[in-house]
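Breakdown of the fold
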Amino acid sequence: MTNTSEQDFRSLVENAAVPIATTDLKGRFTYVNKALAELLGYTVQELLGRPFKDFLHPAEKGKITRLFLKSILLRRQPRNFEFKAIHRNGHVLYLMSKPTKFVVNGKTVGFQAIIVNITKRKEVEKCLEETNKKLEMLFETAMEGITIVDTKENLTFVNKAFADMLGYRVDELKHMNLRELVDEKTFYEIRKQTEYRKKGAVNRYEIIMHHKDGKPRIVQVSASPFWNEDGGFAGSMAITMDITEHKQMLGKLEEYSQQLEELVEKKTRQLKEAQEKLVKSERLVAIGQVSSMIGHDLRNPLTGIAGATYYLKKKLASKIDDVSREMLELIEENVKYSNKIINDLLEYSREITLKLTETTPKAIIHETLALVKVPNHIQVLDNTDTQLKVRLDADKMKRVFVNIVKNAVDAMPNGGTLKITSSQKDGNLQIVFSDTGTGIPNCLLEKIWTPFFTTKAKGMGLGLPICKRIVEAHEGSISTQSSLGKGTTFTIILPIKPKIKGGDEKVWVSEPKSLLSTTTKA
């Protein structure tokens, strides 16, 4: 029975798939099974009696021999160990030995061991190690910041690029929480993005992180989740790019684009204005030529008519009846009116020469009112300044004020009030004429500055355009506001001290701003 059991056991060992061997205390094989012989590329007979160190890798012989001798001297069982062996054909095998002492009658006579072939495992480990080294090198040399965080946003890995991005050392950032690098609002956004990743999402977003020096950095984060062995969410890996300079450049580009658009609009507007100015200038020349012709062709006959009328009045003074006298006076009035039309045309088209003198608002308004016959049913309130000194062409500005006052009188046929005030602001004199007349419809307000536009039965429509030219020659402005049925306000703004080089005389050669074709009476 015993012999049978021993035979069965030997057969089991002989045919085992696992390599098995025994050695004496000198390290010589006393038994090897077929699996070990096949593993090393030899027959069983070729291995028996040979020292096991003959089959070790040269680099392993010293280490394994010392370990074998140490196992003999120590009473405890030897530990498992890994080693490299050489196959018969020369290639390297990675093996692991699980040895135990072989004891007979209480005495160690050798060792027995089970050998495990771990060559494929070692090759996989080597491949993984090489891959890890490549990944590590890739992470460390990457231009973008690379981070790994756990489920609570604790940094478990950062590369140098990420540390440099925020001004830290790598060891300073490890185990820091992202909360320490952002404000609360941004951390809330990070946590919200993490919730998306827990569902398998890969997301990209922009946040502001704090540099170690406290300055904000705008970064773009591309993050993806990774999972543990159980398939649960284990954290996130992110690639982070500093886009602060890019954003600043985009801002500047947008600013430059806006400035370019404004410049193009400005230049387009200037070109349009220049074109309109050229057209107006040509019209001004035409008006001047027509005015000269009218002045030449009409003034001679008008002078003859005026002279003949004067002669008849003198010659027939004692014999003329009342009706004839009225007719002669009517002729004289119309000759004067015709001369006024000619003078207006010539004045509107010619250059304006300013002769500046010092005066006060009160003085020039007083002189203006003396030139206008104001009906008794109209009240004029002169509240202008008596102390303020201003330099202007008094005669020409009186022409402006007279025109405005006459228009106000015409607008109040049933009576009313004309209030004249003055004020000083930002180095300018402001004179305001406010009447309580009929007012001007909104649709006509812009047209009143157009030459030859008038709503009156008599008149050429040049009064206000001439006023505008005179005011603009003083480097001032004139504007109007009106409410139908309530009245009209004219506001004139003039510089108190005009900037005129070369003395007190200025030739104003600019064209009027409103030179359009003749408009018929409304």
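The coordinates are above.
Residues numbered from 1 in each chain as written. Predicted model: local features only at pLDDT ≥ 70, side-chain atom pairs only at ≥ 80, totals over all residues. Heavy atoms only, no water.

Looking at the overall build of the protein
Of regular secondary structure, the protein possesses 14 helices and 19 strands. Burial statistics for the protein: of 522 residues in total, 37% are counted as buried. Here the contacts in the protein between residues at least 6 apart in sequence split such that 57% fall between residues at least 24 apart. Total accessible area computed for the protein in this model is approximately 32,300 Å², and 55% of it derives from carbon and sulfur atoms. (Helix = DSSP H or I, 4+ residues; strand = E, 2+ residues; numbered from the N terminus. Buried < 20%, exposed > 50% of the residue type's maximum accessible area, 1.4 Å probe, protein only. Contact = heavy atoms within 4.5 Å. Areas by Shrake-Rupley, 256 points an atom, 1.4 Å probe, with all protein chains shown as cover.)

Notes on the sheet that holds strand E18 (residues 487-495)
The five strands lie next to each other as E13-E15-E16-E18-E17, forming an open sheet whose pairing is mixed. With partners counted over all chains shown, the strands left at the sheet margins are strand E13 (378-383) and strand E17 (477-483), one partner each. Ignoring which end each strand starts from, the neighbouring axes of this sheet average 15° apart. Strand direction decides the pairing type here: E17 and E18, joined by seven bridges, are antiparallel. Counterpart to Ile 478 in the pairing with E18 is Ile 492. Docked against the sheet, helix H12 (residues 394-410) engages E13, strand E15 (416-425), strand E16 (428-435), E17 and E18, running at close to 170° with respect to E18. Across the sheet, helix H14 (residues 463-473) is in contact with E17 and E18; its angle to E18 comes to roughly 25°. (Pairing = 2+ DSSP bridges. Axes fitted to C-alpha atoms, helices over the stretch in contact; angles between N-to-C directions.)

Quick word on the sheet that holds strand E4 (residues 92-104)
Pairing between sheet strands relies on hydrogen bonds along the backbone, with the strands arranged either parallel or antiparallel. The antiparallel open sheet is built from five strands, whose spatial order is E2-E1-E5-E4-E3. The open sheet has two edge strands with one neighbour each: strand E2 (29-32) and strand E3 (81-86). This sheet shows a mean twist of 35° between the axes of neighbouring strands, independent of strand direction. Where E3 and E4 come together, six bridges link them in antiparallel fashion. Within E4, the position partnered with Ala 85 by the bridge is Leu 93. Together, strand E1 (20-24), E3, E4 and strand E5 (107-117) form the strand contacts of helix H4 (residues 61-73), whose direction differs from that of E3 by roughly 130°. On the sheet, helix H5 (residues 119-141) packs against E3, E4 and E5 and is oriented at approximately 135° with respect to E4.

Here we look at the packing of helix H11 (residues 361-371) against H12
Direction vectors running N to C along H11 and H12 enclose 55°, while the axes themselves pass 9 Å from each other. Our classification of the angle between H11 and H12 gives oblique. H12 is crossed by H11, and the crossing has right-handed handedness. Contacts between H11 and H12 involve Ile 364, Ile 365, Glu 367, Thr 368, Leu 369 and Leu 371 from the former and Ala 394, Met 397, Lys 398, Phe 401, Val 402 and Val 405 from the latter. Residues of the contact of H11 with H12, tallied by class, amount to nine nonpolar, one polar and two charged. (Parallel < 35°, antiparallel > 145°, perpendicular 65-115°, else oblique. Left-handed = near helix turned anticlockwise from the far one by under 90°. Nonpolar A, V, L, I, M, F, W, Y, C, P; charged D, E, K, R; others polar.)

Things to note about the packing of aromatic side chains
This model, assessed by the stated rule, comprises seven aromatic pairs. Consider the rings of Phe 401 and Phe 433, whose centres lie 5.4 Å apart with planes at 40°: the pair is tilted. Residue Phe 401 is located in helix H12, and its partner Phe 433 is located in strand E16; the two are separated by 32 residues in the primary sequence. We note that Phe 401, like Phe 433, is buried. Through a chain of ring-to-ring contacts, the aromatic side chains of Phe 29, Tyr 42 and Phe 55 assemble into a single cluster. Of note, Arg 50 hangs over the ring of Tyr 42, and the distance from its end group to the ring centre comes to 6.0 Å. (Phe/Tyr/Trp six-rings, centres within 6.5 Å; stacked < 30°, edge-to-face > 60°. Lys NZ or Arg CZ within 6 Å of the ring centre and 35° of its normal.)

Some details on empty space enclosed by the protein
Using the criterion set out here, one finds three cavities of 30 Å³ or more in the structure. The computed volume of the largest cavity comes to approximately 400 Å³. Taken together, 25 residues form the lining of the largest cavity, with Phe 52, Phe 81, Phe 83, Ser 97 and Ile 115 sitting closest to its centre. Where the lining of the largest cavity is concerned, the elements lending two or more residues are E1, helix H2 (34-40), H4, E3, E4 and E5. Class assignment of the residues belonging to the lining of the largest cavity gives a composition of 19 nonpolar, five polar and one charged. Volume-wise, the second largest cavity comes out at about 160 Å³. What lines the second largest cavity is a set of 16 residues, among which Thr 147, Leu 178, Tyr 205, Val 221 and Ala 238 lie closest to the centre. Looking at the lining of the second largest cavity, the elements that each hand over two or more residues are strand E6 (145-149), helix H8 (184-198), strand E8 (203-210), strand E9 (216-227) and strand E10 (233-242). Its residues placed into classes, the lining of the second largest cavity shows 11 nonpolar, three polar and two charged. (1 Å grid on protein atoms, 1.4 Å probe; cavity = no way out; pocket = protein on both sides within 12 Å on 5 of 7 lines; lining within 4 Å. Points joined across faces, edges and corners; volume = space filled by probe spheres on them.)

Quick look at the nonpolar core
Ranked by size, the top nonpolar core spans 40 residues in total, and within it Met 397, Val 400, Phe 401, Phe 433, Phe 490 and Ile 492 carry the most contacts. For this core, the secondary-structure elements that each account for two or more residues are strand E11 (352-355), H11, strand E14 (390-392), H12, E15, E16, H14 and E18. Per-element tally for this core: the top contributor is H12, with nine residues. The residues contacting Phe 401, other than those within four sequence positions of it, are Ile 364, Ile 365, Thr 368, Ile 431, Phe 433 and Ile 492. One finds Leu 173, Tyr 205, Met 209 and Ala 223 within the second-largest nonpolar core, a separate group that totals 22 residues. (Core = buried A, V, L, I, M, F, W, Y, C linked by side-chain atoms within 4.5 Å.)

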